[in-house]
Amino acid sequence: ALAQCARSVRCPPQPVRGNRPAFGWTGGEPGALFTWQVLSQGSVVSQGDTLATSVTLGPLLPGAYAFQVRQAGAAGRSGPFSVADPFTVVQAVPA
């Protein structure tokens, strides 16, 4: 059977001010590997693998993006990606 995808993705407050948004998720079995992707206009612009249940992205240019994640179980079979959660990066306001 395919592994379960991450059950819940925690998105940063919108819009993202700054260019390094952080995402987290729950779910998964112990020792699971997660693959995350950042999409822009439907194309993958960044991706990676992690054993953690969070990732800090970036730097990203201002614009519209979406984030999705999936889990590979201990047997190495990947589940489906989560629903792509949209987010917007805006230029940070100088302090």
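Below is a short write-up of the structure. (Residues numbered from 1 in each chain as written. Predicted model: local features only at pLDDT ≥ 70, side-chain atom pairs only at ≥ 80, totals over all residues. Heavy atoms only, no water.)

The 5 strands are arranged β2-β8-β7-β4-β5 in an open sheet whose pairing can be described as mixed. The open sheet has two free edges, formed respectively by β2 (16-17) and β5 (43-50), since each of these has just one partner strand. Direction of pairing for strand β7 (residues 63-72) relative to strand β8 (residues 85-90): antiparallel, over a ladder of 5 bridges. Residue pairing in the sheet places Y65 in a bridge with F87 of β8. (Pairing = 2+ DSSP bridges. Helix = DSSP H or I, 4+ residues; strand = E, 2+ residues; numbered from the N terminus.)

This part covers the side chain of Q37. Inspection of the secondary structure puts Q37 in strand β4 (residues 33-40). Overall, Q37 belongs to the buried group, its relative accessible area being 10%. A polar contact of 2.9 Å, which involves the side chain of Q37, links it to the side chain of Q47. Polar side-chain contacts of Q37 include one of 2.7 Å to the side chain of Q68. With residues up to four places along the chain from it excluded, the contact list for Q37 reads V44, S46, Q47, A66, F67, Q68 and F81. (Buried < 20%, exposed > 50% of the residue type's maximum accessible area, 1.4 Å probe, protein only. Polar contact = N/O pair within 3.5 Å; in protein donor to acceptor, adjacent residues only side chain to side chain. Contact = heavy atoms within 4.5 Å.)

Once that is clear, we can look at unusual backbone geometry. Residues G58 and P59 are joined by a peptide bond in cis, for which omega reads 0 degrees. Looking at where P59 falls in the secondary structure, it is placed in the loop between β6 (54-56) and β7.

By the secondary structure assignment, W36 is in strand β4. When the C-alpha positions of W36 and Q47 are compared, they lie 5.4 Å apart, and in sequence the two are 11 residues distant. If we ignore the near neighbours within four places in the chain, the residues touching W36 are S46, Q47, G48, D49, T50, V55, L57, F67, Q68 and V69.

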